[in-house]
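Here is how the chains run, residue by residue.
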Amino acid sequence: IQIRINMARTIKKTELTKNFRAAALNSKKMVHIVPSNDGWSVKKEGIKRSYAVKETKKEAVKIARNIKSVESIIVHKQDGSVLKIIDMADSKNRKY
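*Asks:* How should I be thinking about the overall build of the protein in this particular structure?
*Replies:* Regarding its fold elements, the protein presents three helices and five strands. By the burial criterion, 24% of the 96 residues in the protein qualify as buried. Of the roughly 7600 Å² that the protein leaves accessible, carbon and sulfur atoms contribute 53%.

So this is what it looks like as structure tokens:
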């Protein structure tokens, strides 16, 4: 019986590799503030979908500061280039 249980839980090597890649992408601790059609998008690095969308860049930065796992916030200009990088290791940048 124990062998059958172990065999039932066998994972293909390719699936395991995909899971590790997904975990690595999700462990990124940077957030980007980027322009979008509806205003400014808060996007975690490595994730396609927006975390939040706000009308102003200031509101988007405020949302990003409140994400506890974030180490850096990269704020972009309207043209997509980098405006500034906020280091969240500095406690004055945290706004819980």
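*Asks:* What should I look at first to understand the nonpolar core in this one?
*Replies:* Looking at soluble globular proteins, one finds that nonpolar side chains tend to be buried together. Ranked by internal contacts, the top residues of the largest apolar core, which has 14 residues, are Ile33, Val42 and Ile73. Here this core gets three residues from one element, more than from any other, and that element is helix H3 (residues 57-65). What isoleucine 33 contacts, discounting residues up to four positions off in sequence, is Trp40, Ser41, Val42, Lys57, Ala60, Val61, Ala64, Ile73, Ile74, Val75 and His76.

*Asks:* Is there a simple way to explain the sheet that holds strand S5 (residues 82-87) in this structure?
*Replies:* Paired through backbone hydrogen bonds, the strands of a sheet run either parallel or antiparallel to each other. Spatially, five strands are ordered S3-S2-S1-S4-S5 in an open sheet, and the strand pairing comes out mixed. Both outer strands of the open sheet, strand S3 (52-54) and S5, are each paired with one neighbouring strand and no more. Neighbour-to-neighbour, the strand axes of the sheet open up by a mean angle of 20 degrees, direction not taken into account. In this fold H3 packs onto strand S1 (30-36), strand S2 (39-44), S3, strand S4 (72-76) and S5, with an angle of close to 165 degrees to the strand it touches most, S4.

*Asks:* When you look at the side chain of serine 41 in this model, what are you seeing that I'm missing?
*Replies:* Position of serine 41 relative to the elements: it lies in strand S2. Overall, serine 41 belongs to the buried group, its relative accessible area being 3%. Of note is the side chain of serine 41, whose polar atom sits 2.4 Å from the side chain of serine 50. Beyond its immediate stretch of four places on either side in the chain, serine 41 contacts His32, Ile33, Val34, Ser36, Ser50, Ala52 and Val53.

What counts and what doesn't
- Residues numbered from 1 in each chain as written.
- Predicted model: local features only at pLDDT ≥ 70, side-chain atom pairs only at ≥ 80, totals over all residues.
- Heavy atoms only, no water.
- Helix = DSSP H or I, 4+ residues; strand = E, 2+ residues; numbered from the N terminus.
- Buried < 20%, exposed > 50% of the residue type's maximum accessible area, 1.4 Å probe, protein only.
- Areas by Shrake-Rupley, 256 points an atom, 1.4 Å probe, with all protein chains shown as cover.
- Core = buried A, V, L, I, M, F, W, Y, C linked by side-chain atoms within 4.5 Å.
- Contact = heavy atoms within 4.5 Å.
- Pairing = 2+ DSSP bridges.
- Axes fitted to C-alpha atoms, helices over the stretch in contact; angles between N-to-C directions.
- Polar contact = N/O pair within 3.5 Å; in protein donor to acceptor, adjacent residues only side chain to side chain.

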